[in-house]
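These are the residues of each chain, in order.
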Amino acid sequence: MTTDTIIHTLEVEDLTPAAFAPFGEVLAVRERPTFDLPTKTLHRFDWSTDSETIVQIIAFKPLPFIVGAVERHWHVTESRMHIGGSPAVVVVAPPSDAPPSPSDLRAFRIDRQGFMFKTGTWHSLNAYPEGSAPSEFLFLSDRATQSELFDNPTPNPVRSSIHRFETGIAIRPPA
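Heads up: these notes are all about the structure in this document. All chains use their own residue numbering, which begins from 1 and follows the written sequence. Note on the predicted model: pLDDT of at least 70 is required for a residue's local features to be given, and 80 or more for side-chain atom pairs to be given and counted; whole-chain, interface and lining totals, by contrast, use all residues. Based on all heavy atoms of the structure, the side-chain values leave hydrogens and waters out of the count.

### Focus on the sheet that holds strand E13 (residues 135-142)
So, point 1. One open sheet accounts for five strands, arranged E2-E10-E7-E13-E5; its pairing is antiparallel. In the strand order of this sheet, the two ends are held by strand E2 (24-27) and strand E5 (53-60), each with one partner. On average, adjacent strands in this sheet sit at an angle of 25° to one another, irrespective of strand direction.
So, point 2. By definition, two strands form a pair when at least two bridges between them are found by DSSP. Helix numbering and strand numbering both begin at the N terminus, where a helix is a DSSP run of H or I of at least 4 residues and a strand a DSSP run of E of at least 2. Note that E5 and E13 share eight bridges and pair antiparallel. Axis angles are defined between N-to-C directions and span 0 to 180 degrees, where every axis is a line fitted to C-alpha atoms and, for a helix, only to the segment in contact.

Below, the structure written as structure tokens:
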């Protein structure tokens, strides 16, 4: 990636179920619960993986609001819940066979909310904190994908695809 020219600027949107639907699901109480029991109401989500589940807390450190690359995963409906620190911005594009163009990207503000990506949804490698404090997320993924990307990185991952843009894409932070 070069940073010579910014070719596209993304406006940050609020994370709502309707706006996020092309990319996945907002993890929130639904109008109809999965189960309504005497002492609790359950809202279940169709999370899936073909590998051992891994639960992590990830703290994204403040970075410039420039996206250089996106990734997607084929074997897990990766999920994140913002649990502390600064609100953050996450960039996504719909699942597709081809890498996304800058015009396919959308940016969402995450503040004490959670979301689950559809399998194959393109997303930024980082979340971008809005403040000076890191943004902390509870992160649900699978061990095989995480191992391929972080523990034993491979130049050509098979569980994920990574696309690097020729120029950086600016995110316009909320006013």
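### Some points on the pairing of strand E10 (residues 114-117)
So, point 1. Where burial is concerned, the two faces of E10 agree: the one with Gly114 and Met116 and the one with Phe115 and Phe117 are both buried.
So, point 2. Pairing geometry for E2 and E10, over four bridges, is antiparallel. Residue pairing for E10: Val26 is matched across the bridge by Phe115.
So, point 3. Pairing geometry for strand E7 (residues 79-85) and E10, over three bridges, is antiparallel. Only protein chains enter the calculation, and the probe is 1.4 Å; a residue is then buried if its accessible area is under 20% of its type maximum, exposed if over 50%, and partly exposed in between.

### Regarding the packing of aromatic side chains
So, point 1. The pairing test for Phe, Tyr and Trp rings, Trp by its six-membered ring, is centres within 6.5 Å, and the orientation test on the planes gives stacked under 30 degrees, edge-to-face over 60, and tilted for anything in between. Across all of its chains, the model carries eight aromatic pairs by this definition.
So, point 2. Judged by centre distance (5.9 Å) and plane angle (65°), the rings of Phe23 and Phe108 are edge-to-face. Of this pair, Phe23 sits in the loop between helix H1 (17-20) and E2 while Phe108 sits in strand E9 (residues 106-110), placing them 85 residues apart in sequence. The pair Phe23 / Phe108 is uniform in exposure class, with both members buried.
So, point 3. Judged by centre distance (6.2 Å) and plane angle (35°), the rings of Phe65 and Tyr128 are tilted. With Phe65 in the loop between E5 and strand E6 (66-73) and Tyr128 in strand E12 (residues 128-129), the pair connects residues that are 63 residues apart, well separated along the chain.
So, point 4. For Phe65, a relative accessible area of 17% gives the class buried.
So, point 5. Every member of this aromatic cluster is reached through a ring pair, and the members are Phe20, Phe23, Phe108, Phe115 and Phe117.
So, point 6. One residue, Arg30, lies across the ring of Phe45, its end atom 4.2 Å from the ring centre. Two conditions define a charge sitting above a ring: the NZ of Lys or the CZ of Arg must be within 6 Å of the ring centre, and it must be within 35 degrees of the ring normal.

Purely geometric stuff here, so don't read any function into it on its own.
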